[in-house]
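Below are the chains, spelled out letter by letter.
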Amino acid sequence: MSKHILTERIEQAHAKGRLALIPFLPGGYPDKKRFWEEIDQLDKNGADIIEIGMPFSDPVADGPVVEHASLKCLEAGVNLAWILGELAARKGRYHAGIVLMGYLNPVLQYGLSRFAKDAASAGAHGVILADVPFEESEPIRAAFDPEGLALIALVGLNTAPERMELYGSVAKGFAYFVSVLGTTGVRSSFDTGLPPEVSAGLAAAKKAFGVPVALGFGLKRPEQLAGLHGLADAAVFGSALIRHIDEGGEAAGFMKIWK
Amino acid sequence: MKKGYYGDFGGQFVPELLMPPLLELEEAMERILPSKEFQDELASELKHFVGRPTALTFCPNLSTKLGIKLWLKREDLAHGGAHKVNNTIGQALLAKKLGKTRLLAETGAGQHGVASALAAARLGMKCTIYMGALDVERQSLNVRRMRLFGAEVVPVESGTRTLKDAINAALRAWIAEQRTTHYCFGTAAGPHPFPLLVRELQSVISREARAQMLEQAGRLPDYVVACVGGGSNAIGAFHEFEPDASVKLVGVEAAGRGKPGDWHSAPLSKNGTPGVLHGMRSQLIQTDEGQILPSHSIAPGLDYPGVGPEHAALQASGRATYVNVTDDAAIEAFLELSRHEGIMPALESSHALGWVLRNAGSLPRGSHVVVCLSGRGDKDLDIVNDYVAAQGEGK
């Protein structure tokens, strides 16, 4: 079986001697026009995979930065149809793999199989649904698999090895390891070295998953990346990129810091 | 059936980071909850601390007026002034056996917050309550009570600043604090096992009411009526009557102001659709695009855009019927019960009573109707006074 494109993108970064970089931006942030300009900049400036947030009114896994940004997008009229339509119009334009990230309910209301078809044909390669644990994932994988769409698992410091194995047994693309017990945007305390429980968790995840493991939540400074080599395969940036844009920056400048 | 499901509803739609504490709780429910030691301890707390059994009170004056036999299951007499303590004392005992040192809870009207805070104080635990900032303003008496019991009250400013956002905030806090903290969920909703756990602990309402009806009336009721927000008092009032086919179960939701286009809190009896929120698949008030809409009710404890999954299933199976009444009907019931029976009901419970007052004429004459009076109305005096004053000004 050929490798999933998301796995390939991460391995291509490794071939260049670096971790894969996975920025996240809520769909339609900071506004509907500029969002796609920022995505272009991310793609041209070293993003290996780009995560596009699908805004939801009640994002329980997100901290205040992502929640606020998502609600702002909803107020501006962003919905799934808009994200998928605009993405489809740009199909073939990006080198980066495309992952959609959000919560189950908007996907259910769009229609699970309709979503799977439209997302795949718009050029998305994977989906993260923050409120779908393994127990509820079977119908979703059944809809995604025929389209080649990967359901990316989110695991963390409190995920026991047996549960990692469950997720690992069905994993495609990559897996997402959350570095802190908390919501997105929680700051990690580490500078260059990883706390021992994060290193141990990453090692367990690497063992359980046959796909690369990305580390997310709380990466703030480029120096932190150095400590990840050999432990994680990729790093995810969410709240940090939103803050950078809120402070007047652009995606290109953000990527230069990290690359 | 799949674990944690009631028909098509229920489930465990939470981030993986919350699965370990939910699995821990499931395991505790199987191992600790049924044990004689736990049940004895719970029975003792319910008797000596909560003040159970609560009375089943016949209402002579309203019965004559309405042409039915009206009975009230007096959860307003439970310690703290509402049924909520049945759940919190049970969950707090369970949490303590799991070695947790702190409770966190969401609250709407503040009744569950008060009940969590007093259970924590009783058992020597710390307590943090998440409460929508709007609810903090409109239920200030309960905020003061929680603080007296030593709880920290955190106003939640995000979203609609009501119960739904308080639940989001509490779930987020639980992700971070799960090792030391039990999330004392307040209603028969949320991810499995909460709907089951809350039902188990609230079923004491119908266990007592069923026996009391047989003893005091010599028969089962024809109707059991309870208000439904998330639905904890209703599931507790219904559960033991479910096998009694002759007993009709009526859940009363809040229709809000009842004007076209206005927000309401009635996903089952108005225009709710199936969806996933707060860890469960249930009926929700939402847009076609799956964004959760604001809800409204004059009763803060009913002000919620979802409903417990077992109620959605009871509606789908036809075992229970769900109806709604407006703010007006609830206020009228609040005043009527106070004036004619000397009992001041919570605005939440006033919805159940309001449905009976407005529909007594269409029930068979002499029907025995049990209303779950889920709480007392002291906390609502300001709201009622303001509402009546505004009506007097012709608003």
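Keep in mind the model is a prediction, meaning the values are calculated, not measured.

Enquirer: Tell me about the overall build of chain B, residues and numbers included.
Expert: For chain B, the helix and strand inventory stands at 15 helices and 14 strands. For 395 residues, the compact-globule formula gives about 21 Å, and the C-alpha radius of gyration of chain B, at 19 Å, lands near that figure. Its C-alpha atoms put chain B at 55 × 45 × 45 Å along the principal axes. By the burial criterion, 66% of the 395 residues in chain B qualify as buried. A separation threshold of at least 6 residues defines the contact pool for chain B, and within that pool the share at least 24 residues apart is 75%. Surface summary for chain B: the accessible area is close to 13500 Å², and the carbon and sulfur share equals 52%. Taking the average location of the 41 positive side-chain charges in chain B and that of its 43 negative ones, the two points are 3 Å from each other.

Enquirer: Just give me the short version of the pairing of strand S5 (residues 102-107) of chain B, but keep the residues and values in it.
Expert: All names here are of chain B. Judged by how many residues are buried, S5 sits mostly within the fold: six of six residues are covered. Neither face of S5 is exposed, since Arg102, Leu104 and Glu106 on one face and Leu103, Ala105 and Thr107 on the opposite face are all buried. Relative to strand S6 (residues 126-132), S5 runs parallel, the two sharing six bridges. Opposite Leu104, over in S6, you have Thr128 as the bridge partner.

Enquirer: If you had to explain the pattern of salt bridges to someone new, which residues and values would you point to?
Expert: Opposite charge on two side chains allows them to pair when their charged atoms are near. Residues and elements named next belong to chain B. Enumeration over the complete set of coordinates arrives at 42 salt bridges over all chains. When the shortest N-O distance is used, the salt bridge between Glu41 and Lys97 registers 3.0 Å. In this pair, Glu41 sits in helix H2 (residues 36-50) while Lys97 sits in helix H4 (residues 84-97), placing the two residues 56 residues apart along the sequence. Judged by its relative accessible area of 30%, Glu41 falls in the partly exposed class. Assessed through its relative accessible area of 35%, Lys97 is described here as partly exposed. Put simply, Glu336 and Lys65 hold a salt bridge, and the shortest N to O gap is 2.7 Å. Of this pair, Glu336 sits in helix H13 (residues 327-341) while Lys65 sits in helix H3 (residues 60-66), placing them 271 residues apart in sequence. Salt bridges here are not isolated pairs; linked through shared partners, they connect Arg52, Lys73, Glu75 and Glu208.

Enquirer: Tell me about the interface of chain A and chain B, residues and numbers included.
Expert: Listed by partner, the interface residues are 35 residues for chain A and 36 residues for chain B. Area buried by chain A at its contact with chain B is led by A:Val60, A:Glu136 and A:Leu181, which between them contribute 22% of it. Applying the counting rule to chain A against chain B returns four salt bridges. Residue B:Arg172 pairs with A:Glu67 through a salt bridge whose shortest N-O separation is 3.5 Å. Viewed at the interface, chain B and chain A are joined by 23 residue pairs in polar contact (both at pLDDT 80 or more).

Enquirer: Residue-level account of the sheet that holds strand S9 (residues 234-237) of chain A, with values.
Expert: All names here are of chain A. Judged by pairing direction, the sheet is parallel, and its nine strands sit side by side in the order S5-S4-S3-S2-S1-S9-S8-S7-S6 without closing on themselves. What marks the edges here is a single partner per strand, and that holds for strand S5 (150-151) and strand S6 (154-156). Of the pairings in the sheet, the one linking strand S4 (residues 126-129) to S5 comprises two bridges and is parallel in character. The residue bridging Val127 from the neighbouring strand is Leu151, located in S5. In this fold helix H2 (residues 32-44) packs onto strand S1 (20-26) and strand S2 (49-53), with an angle of close to 160° to the strand it touches most, S2.

Enquirer: Pulling in residues and values, what's your account of unusual backbone geometry?
Expert: Residues and elements named next belong to chain B. In this structure, the amide linkage connecting Arg52 to the following residue, Pro53, adopts the cis form with an omega of 0°. Here His192 and Pro193 are connected by a cis peptide whose omega angle stands at 10°. Relative to the elements of secondary structure, Pro193 occurs in the loop between strand S8 (181-183) and helix H9 (194-202). In this structure, Arg161 is a non-glycine residue whose phi angle is positive, near 60°. By secondary structure assignment, the location of Arg161 is in the loop between strand S7 (152-156) and helix H8 (163-177). The backbone of His278 sits at a positive phi, close to 50°, despite the residue not being glycine.

Enquirer: Could you give an account of helix H7 (residues 140-148) of chain B, naming the residues involved and the relevant values?
Expert: Residue and element names in this part refer to chain B. Within the span of H7, buried status applies to Asn142, Val143 and Met146. Along the axis of H7, the buried positions cluster into a sector of 105°, meaning they face one direction only. Opposite its buried face, H7 presents the exposed residues Arg144 and Leu148, each directed more than 90 degrees away. Those residues of H7 hidden inside the fold are in contact with S5, helix H5 (111-123), S6, helix H6 (133-138) and S7. Residue Gly150 follows H7 closely and has a positive phi angle near 95°.

Enquirer: Go over the nonpolar core, please, and point to the residues and values.
Expert: In this structure, A:Ile52, A:Leu100, A:Phe115, A:Leu129, A:Phe144 and A:Phe209 are the most contacted members of the largest nonpolar core, which totals 166 residues. Per element, the largest residue contribution to this core is nine residues, and it comes from H8(B). Sequence-distant contacts of A:Phe209, defined by excluding residues within four places in its chain, comprise A:Ala153, A:Val155, A:Met164, A:Tyr167, A:Gly168, A:Ala171 and A:Ala175. One finds B:Leu66, B:Val323, B:Ala329 and B:Ile331 within the second-largest nonpolar core, a separate group that totals 37 residues.

Enquirer: Now, about the environment of A:Ala89: what can you tell me, with residues and values included?
Expert: Residues and elements named next belong to chain A. With respect to the element layout, Ala89 can be found in helix H4 (residues 80-89). With relative accessibility at 64%, the residue Ala89 sits in the exposed group. As a C-alpha pair, Ala89 and Asp246 span 157 residues in sequence and 27 Å in three-dimensional space.

Enquirer: Tell me about the packing of aromatic side chains, and please be specific about residues and values.
Expert: Under the definition given, this model contains 13 aromatic pairs over all chains. Measuring from ring centre to ring centre gives 6.3 Å for A:Tyr110 and A:Phe115, while their planes differ by 85°; the resulting arrangement is edge-to-face. Here the two residues A:Tyr110 and A:Phe115 agree in accessibility, since each one is buried. Through a chain of ring-to-ring contacts, the aromatic side chains of B:Trp174, B:Tyr183, B:Phe185 and B:Phe194 assemble into a single cluster. Across the ring face of A:Tyr110, the terminal group of A:Arg114 is positioned such that the distance to the ring centre comes to 3.8 Å. Here the basic side chain of B:Lys248 rests over the ring of B:Tyr223, its NZ or CZ set 5.2 Å away from the ring centre.

Calculation rules
- Residues numbered from 1 in each chain as written.
- Chains lettered and ligands numbered in written order.
- Predicted model: local features only at pLDDT ≥ 70, side-chain atom pairs only at ≥ 80, totals over all residues.
- Heavy atoms only, no water.
- Helix = DSSP H or I, 4+ residues; strand = E, 2+ residues; numbered from the N terminus.
- Rg over C-alpha atoms; globule rule 2.2 N^0.38 Å.
- Buried < 20%, exposed > 50% of the residue type's maximum accessible area, 1.4 Å probe, protein only.
- Contact = heavy atoms within 4.5 Å.
- Areas by Shrake-Rupley, 256 points an atom, 1.4 Å probe, with all protein chains shown as cover.
- Lys, Arg positive; Asp, Glu negative; His and termini not counted.
- Charge placed at Lys NZ, Arg CZ, Asp CG, Glu CD.
- Pairing = 2+ DSSP bridges.
- Salt bridge = Lys/Arg side-chain N within 4 Å of Asp/Glu carboxyl O.
- Buried area = accessible area lost by both parts, 1.4 Å probe.
- Polar contact = N/O pair within 3.5 Å; in protein donor to acceptor, adjacent residues only side chain to side chain.
- Axes fitted to C-alpha atoms, helices over the stretch in contact; angles between N-to-C directions.
- Arc of directions from axis to C-beta.
- Core = buried A, V, L, I, M, F, W, Y, C linked by side-chain atoms within 4.5 Å.
- Phe/Tyr/Trp six-rings, centres within 6.5 Å; stacked < 30°, edge-to-face > 60°.
- Lys NZ or Arg CZ within 6 Å of the ring centre and 35° of its normal.

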